[in-house]
Amino acid sequence: MEKTLHGVGVSHGVAIGQVRHMGTAVLEPPTTQIPTEDAPREQARAQAAVEAVAADLIARGNLAGGEAQAVLEAQALMAQDPELMADVSRRIAVGSSAERGVYDAFAAYRALLASAGEYLAGRVADLDDVRNRIVARLLGVPMPGVPDSDEPYVLFARDLAPADTALLDPTLVLGFVTEEGGPTSHSAILARALGVPAVVALPGATDVAEGTVVAVDGSTGDVLLDPSQGKQDELRAIAAERKAALAASSGPGRTSDGHRVPLLANVGGPADVPAALANGAEGVGLFRTEFLFLDDSAQAPGEEKQVEAYRKVLEAFPEGRVVVRVLDAGADKPLDFLTPADEPNPALGVRGLRTLLEHPEVLATQLRALAKAAEGLPVHLEVMAPMVADRKDAADFAAACREAGLDAKFGAMVEIPSAALRARAILQEVEFLSLGTNDLAQYTFAADRQVGALARLQDPWQPALLDLVASAAEAARVAGKSCGVCGEAASDPLLAVVLTGLGVTSLSMGSASIPYVRTALAKYTLAQCRRAAEAARAADSAEEARAAAQQVLSGE
Ligand code: PEP
Ligand code: MG
């Protein structure tokens, strides 16, 4: 039976496919004792699960080939280790269930490995993965982590963390649906980076049965369960029509009367560059460098590795602008070697620039790597700091940039209300501002961006947020400096028109949104953008602001 669920659409397009759930961490199986006569049956279950997991790992290795095959085969061997299996059997013989026996035997083996020196300790994560797979199979729950699937699917999850999504195969993920997360959560950002439709804050997402066919409309936020063939065809036709209209849009961002608003891409690394170029990005407005640091959260990547990654992005935009944000660790992007583990409120703790000022060597390495990467390239390099709170922060960052001998413009992100309110003072120290509306909304409304239930307050149409944007943009205008938006607000075509009217000088977004924003901007004059902005600011809620802007622009 067709049924529609409603969430918040955060990445345009329509995806139709089967649901695969992101497996959650394996629960610890209960310790209840089983009767002795059940032991042979439980031993057989354990044996069968181990063999199935090993066979699956080998099959996936054959498909993957190369280095991945060697790792997966080693894991299959671990699963079948005779000593481990003997321990599982012993534990079952004295009253453990199959799942508990596996869980405890692996725990004992894990402790042994962990204490056995660096090489073996490095394999603990692989061992945990094998254990999770066997226990999940025995419990009949989805495998933990990214789904095992050779067929394209729509990924359903409670929420997605950057570390989870690093393992996703973008050729298999048709779209995302999450129960938690707001319009500015990492699930939303990642979906836009991959250019796949996504809906977040969808109540009941985790209860939708595995394998259900769904149609996800990332523009409206609707998720249809079991759509009829007719409905699927209709949605596909609408999506194709929208796509064709967008494909016809090209060229730099401008209003219909020629006011230029450069349209830039948000990227996480060199892998995002092809999509940015394909969508006509005029440069990069936000290079989130923390993705380079996620591979190994125990230490910073070496200077040379950083130089290589930065250079690849800089080379892609020979005459363009590339705005690199220095590492933004902490809160929703923790790094083991930098982020304190015991903060009561990580979002209000030592994060972003605060972390870098406490670890000047990490900042200095990054700035040196950027200086080297830009050497000899005609690119306009700009470097900005996340989470600047006041003039002193901006001054400290600018000093670090100068010390590293960086030939670039230095800027500050405006993500904290204090920075928006005192933008004039901050502009005494730096050459540009970039509004991070995701965090700016989070801190203005005291609404955690990861909590789906607070999506209303994270809505970038909230007039209070528009007021802060206007105030920062005005300070930049007076100072003769630029003030862009690189938060997710820029990817909403109607809001992009309003932001332009508020005086924002460039818009940076996930590449897939660029054609939508370009098309919207080209429909209106700057004066219309300004009138829409005024109407939105005069409203008292996000919905009213959106409706008011729409009304002005449709000339009603
Ligand atoms: C923001 O906060 O708006 C922003 C662009 O940074 P991030 O989403 O990476 O925190
Ligand atoms: Mg931010």
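Residues numbered from 1 in each chain as written. Chains lettered and ligands numbered in written order. Predicted model: local features only at pLDDT ≥ 70, side-chain atom pairs only at ≥ 80, totals over all residues. Heavy atoms only, no water.

### Focus on the sheet that holds strand E11 (residues 321–325)
Inference 1: Strand order in the closed barrel formed by 8 strands is E9-E10-E11-E12-E13-E14-E15-E16, and the pairing between neighbours is parallel. Taking the axes of each pair of neighbouring strands and ignoring which way they run, one obtains an average angle of 25° across the sheet.
Inference 2: As defined by bridge partners, strand E13 (residues 409–414) adjoins strand E14 (residues 432–435) across 4 bridges and the pair is classed as parallel. Counted as the bridge partner of Gly411 is Phe432 from E14.
Inference 3: Of the strands in this sheet, strand E9 (263–267), strand E10 (283–288), E11 and strand E12 (380–385) are in contact with helix H12 (residues 303–316), which crosses E10 at around 160°.
Inference 4: Sitting on the sheet, helix H20 (residues 463–479) is in contact with E14 and strand E15 (482–485), with an inclination near 150° to E15. (Pairing = 2+ DSSP bridges. Helix = DSSP H or I, 4+ residues; strand = E, 2+ residues; numbered from the N terminus. Axes fitted to C-alpha atoms, helices over the stretch in contact; angles between N-to-C directions. Contact = heavy atoms within 4.5 Å.)

### Digging into the coordination of the magnesium ion (ligand 2)
Inference 1: Note on the magnesium ion (ligand 2): its protein donors are Glu415 (OE) and Asp439 (OD). The metal-donor distances range over 2.0 Å. On the criterion of sequence distance, the pair formed by Glu415 in the loop between E13 and helix H16 (417–421) and Asp439 in helix H18 (residues 437–444) is long-range, its members being 24 residues apart. Each member of the pair Glu415 and Asp439 is classed as buried. (Donors = N, O, S within 2.8 Å, 3.2 Å for Na, K, Ca; no water. Buried < 20%, exposed > 50% of the residue type's maximum accessible area, 1.4 Å probe, protein only.)

### Remarks on the pattern of salt bridges
Inference 1: All told, the structure shown has 31 salt bridges when counted by the stated rule.
Inference 2: Measuring nitrogen to oxygen at the nearest pair gives 3.1 Å for the salt bridge that ties Asp104 to Arg100. Of this pair, Asp104 and Arg100 both sit in helix H4 (residues 98–114), 4 residues apart, roughly one helical turn. Taken individually, Asp104 and Arg100 each receive the classification buried, so the pair is uniform in this respect.
Inference 3: Across the salt bridge formed by Arg110 and Asp128, the nearest N and O atoms sit 2.8 Å from each other. Of this pair, Arg110 sits in helix H4 while Asp128 sits in helix H6 (residues 124–139); the two residues are 18 residues apart in sequence, bridging distant segments of the chain.
Inference 4: Overall, the relative accessible area of 32% leaves Arg110 in the partly exposed class. (Salt bridge = Lys/Arg side-chain N within 4 Å of Asp/Glu carboxyl O.)

### Here's the deal with the layout of surface pockets
If a probe as big as a water molecule is rolled over the atoms, it shows which places are left empty.
Inference 1: The volume enclosed by the second largest pocket comes to roughly 900 Å³.
Inference 2: Together, 40 residues line the second largest pocket, and Gly9, His12, Ser219, Asp492 and Pro493 are the ones closest to its centre.
Inference 3: Where the lining of the second largest pocket is concerned, the elements lending two or more residues are strand E2 (8–11), helix H9 (229–247), H18, helix H19 (455–458), helix H21 (493–501), helix H22 (514–521) and helix H24 (542–553).
Inference 4: For the lining of the second largest pocket, the element with the most residues is E2, which contributes 4 residues.
Inference 5: Residues belonging to the lining of the second largest pocket are distributed by class as follows: 17 nonpolar, 15 polar and 8 charged. (1 Å grid on protein atoms, 1.4 Å probe; cavity = no way out; pocket = protein on both sides within 12 Å on 5 of 7 lines; lining within 4 Å. Points joined across faces, edges and corners; volume = space filled by probe spheres on them. Nonpolar A, V, L, I, M, F, W, Y, C, P; charged D, E, K, R; others polar.)

### Let's talk about the packing of aromatic side chains
Inference 1: The final tally for this structure, using the stated rule, is 1 aromatic pair.
Inference 2: Seen from their ring centres, Phe287 and Tyr310 are 5.8 Å apart, and the 80° between their planes marks the pair as edge-to-face. Remark: Tyr310 occurs in helix H12 and Phe287 occurs in strand E10; sequence separation between them is 23 residues.
Inference 3: The exposure class of Tyr310 is buried, given its relative accessible area of 1%. (Phe/Tyr/Trp six-rings, centres within 6.5 Å; stacked < 30°, edge-to-face > 60°.)

### Looking at the site of ligand 1
Inference 1: Around ligand 1, the structure places 15 residues, and the nearest of them are Arg288, Glu415, Gly436, Asn438 and Arg449.
Inference 2: Contact distances for ligand 1 include 2.8 Å between an oxygen atom and a side-chain N or O atom of Arg325.
Inference 3: Residue Thr437 places a main-chain N or O atom 3.1 Å away from an oxygen atom belonging to ligand 1.
Inference 4: Burial of ligand 1 by the protein amounts to 100% of the accessible area it has alone, namely 290 Å². (Near = heavy atom within 4 Å. Polar contact = N/O pair within 3.5 Å; in protein donor to acceptor, adjacent residues only side chain to side chain. Areas by Shrake-Rupley, 256 points an atom, 1.4 Å probe, with all protein chains shown as cover.)

### Some points on empty space enclosed by the protein
Inference 1: This model, assessed by the stated rule, comprises 2 cavities of 30 Å³ or more.
Inference 2: For the largest cavity, the calculated volume is near 80 Å³.
Inference 3: Of all the secondary structure elements, the ones that give two or more residues to the lining of the largest cavity are E11, E14, E15 and strand E16 (506–510).
Inference 4: By volume, the second largest cavity is sized at about 60 Å³.
Inference 5: In terms of lining, the second largest cavity is formed by 13 residues, of which the most central are Arg288, Arg325, Glu415, Asn438 and Arg449.
Inference 6: Those elements that place two or more of their residues in the lining of the second largest cavity are E10 and H18.
Inference 7: Of the residues contributing to the lining of the second largest cavity, the split by class is 3 nonpolar, 3 polar and 7 charged.

### A look at helix H8 (residues 186–194)
Inference 1: Of all 9 residues in H8, 7 are buried, a share of seventy percent or more.
Inference 2: Restricting attention to buried positions, one finds in H8 the residues His186, Ser187, Ala188, Ile189, Leu190, Ala191 and Arg192.
Inference 3: A positive phi of about 75° marks Gly195, the residue just after H8.

### Quick look at the environment of Ala329
Inference 1: Considering the arrangement of structural elements, one finds Ala329 in the loop between E11 and helix H13 (353–358).
Inference 2: Separated by 279 residues in the primary sequence, Ala329 and Val50 place their C-alpha atoms 39 Å from one another.
Inference 3: Those residues within four positions of Ala329 in sequence are excluded, and the remaining contacts are Leu335, Leu338, Thr339, Arg351, Gly352 and Thr355.

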